[in-house]
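Chain by chain, the residues run as shown.
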Amino acid sequence: MPVARILWPSIRLSLEAEFHFTEVDPLVVSVELHIPEGPVVRWTISRDLLFDGTEEPSGMGDVRLWPSVVRGRRVVFMRLEVRGTACLIEMDPGQLQEWLVETFQLVHPGTEFEQVDWEATVAALIEEGEQPRSI
């Protein structure tokens, strides 16, 4: 999906964003921002937060989304922050909602926890807890 990084109110940098969803981890979406001549930046974001952000302000902390109107057209802003450095992304809400609806057809909202293998999850947590820690 084409997106724009807002560098200044009048300066936008065109980027490509890839959104990935898997039924194995249905609560989250992986977002890859492809920066021209730079690294790929990856974020993991709640699928519900992405959807809610197309309709109303959503999120807190490192990831925030909100709908807006720019030059007469609807947009969604996504603000990503890490260690005091922030990035503002502008997206088309229609494209984002269309993609999210496809994920909802794979795993319906509210059924995400039915996909979790609870025995494997608990076993992994127990195993992790038994690992020696170094200081």
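Parameters at a glance
- Residues numbered from 1 in each chain as written.
- Predicted model: local features only at pLDDT ≥ 70, side-chain atom pairs only at ≥ 80, totals over all residues.
- Heavy atoms only, no water.
- Helix = DSSP H or I, 4+ residues; strand = E, 2+ residues; numbered from the N terminus.
- Buried < 20%, exposed > 50% of the residue type's maximum accessible area, 1.4 Å probe, protein only.
- Contact = heavy atoms within 4.5 Å.
- Pairing = 2+ DSSP bridges.
- Axes fitted to C-alpha atoms, helices over the stretch in contact; angles between N-to-C directions.
- Salt bridge = Lys/Arg side-chain N within 4 Å of Asp/Glu carboxyl O.

Asker: Looking at this structure, I do not really get the overall build of the protein chain. What am I missing?
Answerer: Assigned secondary structure in the protein chain consists of 3 helices and 8 strands. Each helix and strand of the protein chain, ordered N terminal to C terminal, gives the series β-β-β-β-α-β-β-β-β-α-α. Within the span of the protein chain, comprising 135 residues, buried residues form 32% of the whole. Of all intrachain contacts in the protein chain linking residues separated by at least 6 positions in sequence, the fraction that spans at least 24 positions is 33%.

Asker: In this structure, what is going on with the sheet that holds strand 7 (residues 73-82)? I would like to understand it.
Answerer: In any sheet, the strands associate via hydrogen bonds between backbone groups, in a parallel or an antiparallel arrangement. Taking strand neighbours across the sheet as the criterion, the 8 strands line up as 4-3-2-1-8-7-6-5 in an open arrangement whose pairing is antiparallel. Unpaired on one side and paired on the other, strand 4 (40-46) and strand 5 (58-60) mark the two borders of the sheet. Along the sheet, successive strands turn relative to each other by an average axial angle of 35 degrees, direction set aside. Set on the sheet, helix 2 (residues 93-106) makes contact with strand 1 (2-8), strand 2 (11-20), strand 3 (28-34), strand 7 and strand 8 (85-91); between it and strand 7 the angle comes to about 75 degrees.

Asker: Just to check I follow, could you spell out the pattern of salt bridges for this structure?
Answerer: A side chain of one charge can pair with a side chain of the opposite charge if their charged atoms are brought near each other. According to the stated counting rule, one finds 5 salt bridges in the structure shown. Residues E90 and R12 are paired through a salt bridge, measuring 2.8 Å at the closest nitrogen-oxygen approach. Here E90, found in strand 8, pairs with R12, found in strand 2; they are 78 residues apart in sequence, far enough to count as distant. A relative accessible area of 6% means that E90 is categorised as buried. One salt bridge in this structure joins E90 and R73, with 2.7 Å as the shortest N-O distance. Taken together, the positions of E90 in strand 8 and R73 in strand 7 put the pair 17 residues apart, joining distant regions of the chain.

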